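Examining the three-dimensional arrangement
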Amino acid sequence: MNGVLNIFKPKGISSFKVVKEVRNILGVNKAGHTGTLDPSASGVLLVCLGQATKIVKFITELKKHYIGEMILGISTTTQDSEGEIIQRKKVNTYIDEKIINSVFQKYKGTISQIPPMFSSVHYKGKRLYHLARKGIEVKRNPRKIKIYQLNLINFVKRKNPIIKFEVECSKGTYIRTLCNDIGNELGCGAYLSNLVRKGIGNFNIENSLKLEDLKKNPTLGEKYLISIDSVLKDLERITIKAEEIKTIMNGGIISKRQIIKNQEEPTIKESKLIKILDAQGNLLAIGLQIIKNREDIIIKPVRIFKNL
């Protein structure tokens, strides 16, 4: 089984456990996900099966879409509801939708974010959360992320007000850290109380497969399986001559002359990923287009698929 499943991850289970369960249910040897969802979060988790594990890196680059809620006036060790409360502050009564929207504006675009201690980021060969559980805190370098959209959905005023929001962001974005930083900007602190991942790229929650349904009916795995070619539908494609298939499958490079001409010419762009197919339309590999000059282009396979 080679392809991608859009699984709805329920609350209370780790992303690793979801992958393990899918692998056991379907009887596949290789499986992996394309971006961790914390146990307290739910929503879209893309699980790559078989040879689709070779494209995890490409899917990870896709934008993420979330609906979340943060509670103001309380900060926790993990920046979400799983941690211990470390600070309580009174929330100023003048905070309203206008002020929140103004703060949101500051976090749109490319920003720097310091990964939380309770995260899977590596530090000297160890995961940060291993150190955090021992009460050790280390200096973390800020990382560049991008917030494409950050919109207020609802603001509920009470002793500890609730902000419901929608965010579209790049890979590597910690939504709980975003909430923590916004809470500090508002002068009262905040923690992420609920998070749902609505989508990754073109994969959305409406078309996801519930893990419990897959457990009841494993044949749904085949029904919901998305082919590698379909997952990479936004990549341009080339068709190569039959005599060059062996070259590609052995990891060798090809030039523009080995491409069958009865198709549109691919866009000429340095370091662009491109799908390589045979004349029957079978996906052979993902290649990297390298330009020497406009007439001298070579394509080097970076992921090779066998017997898809």
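A quick note: this is a predicted structure, and the numbers were derived from the prediction, not measured.

Side note on the pattern of salt bridges
If you walk through the whole model with that rule in mind, you get 9 salt bridges. Residue K106 is joined to E185 by a salt bridge in which the shortest nitrogen-to-oxygen separation is 2.8 Å. Taken as a pair, K106 in helix 3 (residues 97-106) and E185 in helix 5 (residues 175-185) lie far apart in primary sequence, 79 residues in all. A residue is classified by how much of its surface remains accessible, and K106, at 52% relative accessible area, is exposed. A residue is classified by how much of its surface remains accessible, and E185, at 38% relative accessible area, is partly exposed. The salt bridge partner of K275 is D229, with a shortest N-O separation of 2.6 Å. With K275 in strand 17 (residues 272-277) and D229 in helix 8 (residues 228-231), the pair connects residues that are 46 residues apart, well separated along the chain.

Quick notes on helix 3
Within helix 3, burial applies to I100, V103 and F104. Burial along helix 3 is one-sided: seen end-on, the buried residues are contained in an arc of 105°. Structural note: helix 3 exposes K98 and K106 on the side pointing more than 90 degrees away from its buried face. Contact partners of the buried residues in helix 3: strand 4 (64-72), strand 10 (143-156), strand 11 (162-169) and helix 5. N-cap assignment for helix 3: the residue whose side-chain oxygen lies 3.2 Å from the backbone N of K98 is D96.

What counts and what doesn't
Residues numbered from 1 in each chain as written. Predicted model: local features only at pLDDT ≥ 70, side-chain atom pairs only at ≥ 80, totals over all residues. Heavy atoms only, no water. Salt bridge = Lys/Arg side-chain N within 4 Å of Asp/Glu carboxyl O. Helix = DSSP H or I, 4+ residues; strand = E, 2+ residues; numbered from the N terminus. Buried < 20%, exposed > 50% of the residue type's maximum accessible area, 1.4 Å probe, protein only. Arc of directions from axis to C-beta. Contact = heavy atoms within 4.5 Å. Polar contact = N/O pair within 3.5 Å; in protein donor to acceptor, adjacent residues only side chain to side chain.

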